[in-house]
Amino acid sequence: MRILDDPAKQPNKRGTVAFAMAGPASRTTQVFINMADNSKTLDKSGFAVFGKVVAGMDVVEKFYAGYGEVAPRGTGPDQNKIETEGNAYLEARFPRLDFIKKVTVEN
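What this report covers is the structure whose coordinates are included nearby. (Residues numbered from 1 in each chain as written. Predicted model: local features only at pLDDT ≥ 70, side-chain atom pairs only at ≥ 80, totals over all residues. Heavy atoms only, no water.)

1. Topic: the packing of aromatic side chains
With the rule as written, the count across this model stands at five aromatic pairs. A centroid spacing of 4.8 Å and a plane angle of 40 degrees characterise the contact between Phe19 and Phe50, whose relative ring orientation is tilted. On the criterion of sequence distance, the pair formed by Phe19 in strand 1 (residues 16–19) and Phe50 in strand 3 (residues 49–52) is long-range, its members being 31 residues apart. A relative accessible area of 16% places Phe19 in the buried class. Taken together, a centroid distance of 5.9 Å and an interplanar angle of 75 degrees make the contact between Phe32 and Phe47 edge-to-face. Taken together, the residues span a long stretch of sequence, with Phe32 in strand 2 (residues 31–33) and Phe47 in the loop between helix 1 (39–42) and strand 3 at a distance of 15 residues. Overall, the relative accessible area of 12% leaves Phe47 in the buried class. Here the guanidinium or amino end of Arg27 rests over the ring plane of Phe19, the centre of that ring lying 4.1 Å away. (Phe/Tyr/Trp six-rings, centres within 6.5 Å; stacked < 30°, edge-to-face > 60°. Helix = DSSP H or I, 4+ residues; strand = E, 2+ residues; numbered from the N terminus. Buried < 20%, exposed > 50% of the residue type's maximum accessible area, 1.4 Å probe, protein only. Lys NZ or Arg CZ within 6 Å of the ring centre and 35° of its normal.)

Next up, the structure:
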């Protein structure tokens, strides 16, 4: 399922949450947390920020990062397999991967 693009209005600064995408009209439910200020590269590419970690960034920094970037750039999970096989693929092939189980939304 694709999600319509939103205009990028906020910078991709450290701690912000944005939709992952591979170009225009390619967003799904995949999101990421910016671990650094990525505004110089991601803002002009249209990565739309929709949230921010307001508490617990110290916990986010402890997420396992040993798999590196997603395939094919790194040894991390393959995006297509995530979409087709879901958590079963991730749990079998990437046992040290951390999962976010609960999020609280504030207005």
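2. Notes on the sheet that holds strand 2
Overall, antiparallel pairing links the three strands, which are arranged 2-1-3 in an open sheet. Edge positions in the sheet fall to strand 2 and strand 3, since each of these pairs with one other strand and no more. Each strand of the sheet is rotated relative to its neighbour by a mean of 25 degrees, with strand direction disregarded. Pairing between strand 1 and strand 3: three bridges, direction antiparallel. In the sheet register, Val17 faces strand 3, and the bridge partner there is Gly51. (Pairing = 2+ DSSP bridges. Axes fitted to C-alpha atoms, helices over the stretch in contact; angles between N-to-C directions.)

3. Quick look at the pattern of salt bridges
What the rule picks out here adds up to four salt bridges. Close ionic contact of Lys13 with Asp37 constitutes a salt bridge, the shortest N to O distance being 3.4 Å. Here Lys13, found in the segment before strand 1, pairs with Asp37, found in the loop between strand 2 and helix 1; they are 24 residues apart in sequence, far enough to count as distant. Lys13 gets classed as partly exposed once you look at its relative accessible area, which sits at 39%. (Salt bridge = Lys/Arg side-chain N within 4 Å of Asp/Glu carboxyl O.)

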